[in-house]
Amino acid sequence: MTKIEISDGVFWVGAVDWDVRNFHGFSYTTHRGTSYNAYLIVDEKIALVDTVYKPFSDEMFDRIREIVDPSRIDYVVMNHVETDHSSSLTEVMKAAPRAKVLGTARCKAGLEKHYFCKMDFQTVKTGDELRLGRKTLMFIEAPMLHWPDSMFTYVKEEGLLLPNDAFGQHLASSGRFDDQVDSHVLMEEAAKYYANILLPLSPLVKKKIDEIVGMKIPIKTIAPSHGVIWRKDPMKIVEAYLRWSTGATEKRVVIAYDTMWGSTERMARAILEGISSEGVDARLYRLPYSDTSDIIGELLNSRGLLVGSSTINNGILPTLAPLLTDLRGLKPKGRLAAAFGSYGWMGGATEEIEAALREAGMEIAMPAMKVNWVPTEEELKQCVSFGREFARKL
Ligand code: FEO
């Protein structure tokens, strides 16, 4: 295996998972796979920062062995408890029996409740430092980015920030760095990651970035725990996070819908025509053919959301439910929304959609567009006008 040195004496010892297609219990589709990044810092003392998802632990150990005997590891820094980063910890502790584990107090509690193991654990707080020889690790607690235990590790002499999940992307690639992958794909995956994982935590993201900027620590490289390492332009992702965390959006509309016999689909297309006639970009996603986490990713930069459904049993088609559940949880505030849909003898779908959109913290920009049975030419014109009016409100 080729050694991958990302900075002087700091090696990537992670694994690329080309096959994974879902995360967090199918709530996040990972069309492009992911990587589990762990980093080995070799100095007078040796530290491993994070581990990998257990099915990939052999690969991590092979990479470590290329550099040092794993038994020589002195410290294992655990930035985060979640299984994709911690489930090789027990293997590491067997291979490096004298290693001390470092993390936040919540990390200790979380690891104990996950792995039921005894550890030589040292609790660290923001500003605490660990000297390895020529290199110094500094710890920065980052609670709720995205778990209560989360922490960043900063390698002072290298200007290297290891922020675990923050600034990551679910992107498998042969290159390990931002300048080795397509930049559009990279930003698309980074945005989808932010939207599906960090969006409801945006005020904390902004606060943490402001705190780190206030610390005036030079940052030359940002090496997250998923995807590629930001070395060409690390500020690009920091600036994107600042934009996303402050809810900055573009004049664009996401239209998500499902249809029973085609009426709601015809409405969706007429609404899209109205939006485009105002010079506003709109994108149509039919569920379940489109994926909810992709739609959420698209919504990150979009100011408007329209959700449509035919009525069934006085409510929405069940295919819309995962999207509405995600919206309720992720709370994409600061966006305008409205509902539309067809019905037969009783309505109900648009009311259910509006309730969910309100619960998601979105502003209902206008009353729902409803059509009984099949839309007439006149009703389709009304849908075009509905789209036009919605676009003007953005
Ligand atoms: Fe929160 Fe990549 O785990």
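What you see is a predicted model; the values in this text were computed from it and never measured. (Residues numbered from 1 in each chain as written. Predicted model: local features only at pLDDT ≥ 70, side-chain atom pairs only at ≥ 80, totals over all residues. Heavy atoms only, no water.)

Q: Can you help me understand the domain arrangement of the chain in this one?
A: Frequently, the measure chosen for interface size is the accessible area that the parts lose on association. By domain assignment, the chain separates into domain 1 (4–245) and domain 2 (250–393). Using C-alpha coordinates to define each centre, domain 1 is positioned 38 Å away from domain 2. Facing the 12 residues of domain 1 at the interface are 11 residues of domain 2. When domain 1 packs against domain 2, close to 980 Å² is buried across both sides, 60% of that on carbon and sulfur atoms. Viewed at the interface, domain 2 and domain 1 are joined by one salt bridge. On inspection of domain 1 and its partner domain 2, the count reaches six residue pairs in polar contact (both at pLDDT 80 or more). Mapped by element, the contributors of at least two residues to the side of domain 1 that touches domain 2 are β5 (28–29) and α5 (183–198). In terms of residues, the side of domain 1 that touches domain 2 owes the most to one element, α5, which gives five residues. Considering only residue class, the side of domain 1 that touches domain 2 consists of seven nonpolar, four polar and one charged. (Domains from an automatic or database assignment. Contact = heavy atoms within 4.5 Å. Buried area = accessible area lost by both parts, 1.4 Å probe. Salt bridge = Lys/Arg side-chain N within 4 Å of Asp/Glu carboxyl O. Polar contact = N/O pair within 3.5 Å; in protein donor to acceptor, adjacent residues only side chain to side chain. Helix = DSSP H or I, 4+ residues; strand = E, 2+ residues; numbered from the N terminus. Nonpolar A, V, L, I, M, F, W, Y, C, P; charged D, E, K, R; others polar.)

Q: Sorry if this is basic, but what is going on with the packing of helix α10 (residues 321–330) against helix α11 (residues 349–359) here?
A: For any two helices packed against each other, the geometry comes down to the angle between their axes and how far apart the axes lie. Two numbers describe how α10 lies on α11: the axes approach to 8 Å, and their chain directions differ by 25°. For the element pair α10 / α11, the angle class is roughly parallel. Of the residues in α11, those in contact with L324, L327 and R328 of α10 are I353, A356, L357 and E359. (Axes fitted to C-alpha atoms, helices over the stretch in contact; angles between N-to-C directions. Parallel < 35°, antiparallel > 145°, perpendicular 65-115°, else oblique.)

Q: For this particular structure, what's the right way to read the pairing of strand β14 (residues 151–155)?
A: Two faces, one strand: in a regular strand the side chains alternate between the faces of the sheet. For β14, the buried fraction is high: five of the five residues fall into the buried class. Across five bridges, the pairing between strand β13 (residues 136–141) and β14 is antiparallel. Opposite L137, over in β14, you have V155 as the bridge partner. As defined by bridge partners, β14 adjoins strand β15 (residues 160–162) across three bridges and the pair is classed as antiparallel. Across the sheet, the residue bridging to Y154 is L161, located in β15. (Buried < 20%, exposed > 50% of the residue type's maximum accessible area, 1.4 Å probe, protein only. Pairing = 2+ DSSP bridges.)

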